[in-house]
Amino acid sequence: MIFAEIIESEEDFTDYLKLRLDLNSWKEFSTGDEINLLGHFLSDQLNFEQRHKKLDKFMLNSYLQEIDAYFYDRQSGLPGKKPTRRSR
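Each value, and the rule that gives it
- Residues numbered from 1 in each chain as written.
- Predicted model: local features only at pLDDT ≥ 70, side-chain atom pairs only at ≥ 80, totals over all residues.
- Heavy atoms only, no water.
- 1 Å grid on protein atoms, 1.4 Å probe; cavity = no way out; pocket = protein on both sides within 12 Å on 5 of 7 lines; lining within 4 Å.
- Points joined across faces, edges and corners; volume = space filled by probe spheres on them.
- Nonpolar A, V, L, I, M, F, W, Y, C, P; charged D, E, K, R; others polar.
- Salt bridge = Lys/Arg side-chain N within 4 Å of Asp/Glu carboxyl O.
- Helix = DSSP H or I, 4+ residues; strand = E, 2+ residues; numbered from the N terminus.
- Buried < 20%, exposed > 50% of the residue type's maximum accessible area, 1.4 Å probe, protein only.

**Things to note about empty space enclosed by the protein**
Evaluation of the coordinates by the stated rule reveals one cavity of 30 Å³ or more. Taken together, Ile6, Ile7, Glu8, Asp12, Phe41, Leu42, Thr84 and Arg85 make up the lining of the largest cavity. Classifying every residue of the lining of the largest cavity by side-chain character gives four nonpolar, one polar and three charged.

The following block contains the structure:
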């Protein structure tokens, strides 16, 4: 449900899936929450610098704040600002 509400177009969804599937081949990468990856996609395109890929272990910082705030506002009956994709 969260993805369906946040992702704005088929193109964005396709872009997300392609980038997300590429992360599966990076065995050193770890995240505890798929929604966190959505937040990273919206703000940074799931783009990781080459220096990140040379690490023995890489865990993504939290990108949940905007998504959490949006759904909290919606639950509270407030309009909330929907997170959107920042750049391409």
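**Quick notes on the pattern of salt bridges**
Enumeration according to the criterion identifies seven salt bridges in this entry. The salt bridge partner of aspartate 12 is arginine 85, with a shortest N-O separation of 2.5 Å. Taken together, the positions of aspartate 12 in helix α2 (residues 10-23) and arginine 85 in the segment after α4 (65-75) put the pair 73 residues apart, joining distant regions of the chain. Arginine 85 matches aspartate 12 in its accessibility class, with the two residues each being buried. One salt bridge connects lysine 18 with aspartate 22, and the closest N-O pair in it is separated by 3.2 Å. In this pair, lysine 18 and aspartate 22 are both assigned in helix α2, four residues apart and thus about one turn of the helix distant. Accessibility expressed as a relative area gives 53% for lysine 18, which makes it exposed. Each of Asp12, Asp15 and Arg85 takes part in salt bridges that share partners, so that together they form one network.

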